[in-house]
Structures are given as C-alpha cells and as structure tokens.
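# Remarks on the overall topology
What follows is the residue order along each chain.
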Amino acid sequence: MTSPAEGPLTPPSIPFLDWLGGEFVIAEAGRCEIRLAMQPHHQNSWHVGHGGVIMTLLDVAMANAARSAHPERPGAATVEMKTTFVRPGKGAVLVALGHCYHRSTTMAFCDGELLDKDGALVAKGTGTFKFIRKSLATPQR
C-alpha cells in the first residue's frame, strides 16, 4: 500500500449532504471529519437524530476517508456498510469521523464513529468501498 498524498482532499459536491447541512471539516491522509448542526428536520419522533441521518454522516465520512487515502481516484462507492447505534444522537452538533484502515488499488476498508457535542459515542460504523475510476455523473456511451 502506498502512503496517502499530503494535503487535504477537496470535498466532493454531495447534494444530499449539502441539503442536510453537513459540513466537511477535513479529509486527509485516510481520515475525514464532518459536522452537522442539528435541526428539527434531522430528528425522529423522539426528537433525537434520525437513524438515516446518522448513517448518512457515517457513510460520507468513511467514503471520503477512503478517497483521501487514494486521492488519484475521483470517488468511492459504498459496497457494504454496518451501523451499530449506541445511544441517541442528542445535542446541537453531531460529528462524524471516518478512518480508512486498509486499501488496495480497487477497494477500501473503513470504520467510523459518530459523536455528540460532548464527544460521547452515538454510533459506530464499518464499511467497504470500491474506488470509482470515472465519475458516475459522466454519461457512459
């Protein structure tokens, strides 16, 4: 495995993450951090972070940790993901941390944590990602 490139990765445009209000803090050297200022529409009926929001944050943080470990690839698609919910996602801010712990030329293996504003663990995730050579947005002919 080659070492990750120096310097932060330019965050990709992810319309769903933008719509949620998620903000990239850093994606560099196999690590990524994303923050979300919680709003009422991010909550479930118990007024805590909705599971779909939590899984989205973990997915994006892990995928971009993978991308930052192999920056010559323009993207990484989720092949498999597992999430374990530890406690309700409460508070004003949720923080997703992704870490790529192994990669090959085509695949990346990652883990992630979602923390509340006090640093308490809300959820853990693991994921397998396939590096994409061409942008999925580019029409194939």
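Residues numbered from 1 in each chain as written. Predicted model: local features only at pLDDT ≥ 70, side-chain atom pairs only at ≥ 80, totals over all residues. Heavy atoms only, no water.

## A word on the overall build of the chain
- Summing up its helical and strand segments, the chain has two helices and six strands in all.
- Reading the helices (α) and strands (β) of the chain from amino to carboxyl end gives α-β-β-α-β-β-β-β.
- Classification of the 141 residues of the chain by burial places 40% in the buried group.
- The long-range share in the chain, meaning contacts at least 24 apart out of those at least 6 apart in sequence, stands at 62%.
- Total accessible area on the chain stands at roughly 7,900 Å², and carbon and sulfur atoms take up 57% of it. (Helix = DSSP H or I, 4+ residues; strand = E, 2+ residues; numbered from the N terminus. Buried < 20%, exposed > 50% of the residue type's maximum accessible area, 1.4 Å probe, protein only. Contact = heavy atoms within 4.5 Å. Areas by Shrake-Rupley, 256 points an atom, 1.4 Å probe, with all protein chains shown as cover.)

## With respect to the sheet that holds strand β6 (residues 121–132)
- The six strands are arranged β1-β2-β4-β5-β6-β3 in an open sheet whose pairing can be described as antiparallel. Sheet topology places β1 (23–28) and β3 (75–85) at the edges, where each strand pairs with a single neighbour. Taken over all neighbouring pairs, the strand axes of this sheet differ in orientation by 20 degrees on average, direction set aside.
- Here strand β4 (residues 93–103) runs beside strand β5 (residues 107–115); their pairing, made up of eight bridges, is antiparallel. Bridge assignment links G98 to a residue of β5, and that residue is G112.
- Packing of helix α2 (residues 51–69) onto the sheet brings it into contact with β1, β2 (31–37), β3, β4, β5 and β6, and relative to β3 it is tilted by some 135 degrees. (Pairing = 2+ DSSP bridges. Axes fitted to C-alpha atoms, helices over the stretch in contact; angles between N-to-C directions.)

## Observations regarding the environment of F16
- Considering the arrangement of structural elements, one finds F16 in helix α1 (residues 15–20).
- It is 9.0 Å that separates the C-alpha atoms of F16 and T56, two residues lying 40 residues apart in sequence.

## Description of the nonpolar core
- Ranked by size, the top nonpolar core spans 30 residues in total, and within it I34, L57, A108, C110, L114 and F129 carry the most contacts.
- Looking at this core, the elements with two or more residues in it are α1, β2, α2, β4, β5 and β6.
- Among the elements that make up this core, the one with the highest residue count is α2 (11 residues). (Core = buried A, V, L, I, M, F, W, Y, C linked by side-chain atoms within 4.5 Å.)

## Describing the pairing of β5
- From the end of β4 to the start of β5, which pair antiparallel, there are three residues.
- Bridging between β5 and β6 involves nine bridges; their strand directions are antiparallel. Within the sheet, the bridge partner assigned to C110 lies in β6 and is G127.

## Re the packing of aromatic side chains
- This model, assessed by the stated rule, comprises one aromatic pair.
- Measuring from centroid to centroid gives 5.9 Å for F16 and W19, while their planes differ by 20 degrees, and the two rings are stacked. In this pair, F16 and W19 are both assigned in helix α1, three residues apart and thus about one turn of the helix distant.
- Among the residues examined, F16 registers a relative accessible area of 46% and is labelled partly exposed.
- On the accessibility criterion, W19 (59% relative accessible area) is exposed. (Phe/Tyr/Trp six-rings, centres within 6.5 Å; stacked < 30°, edge-to-face > 60°.)

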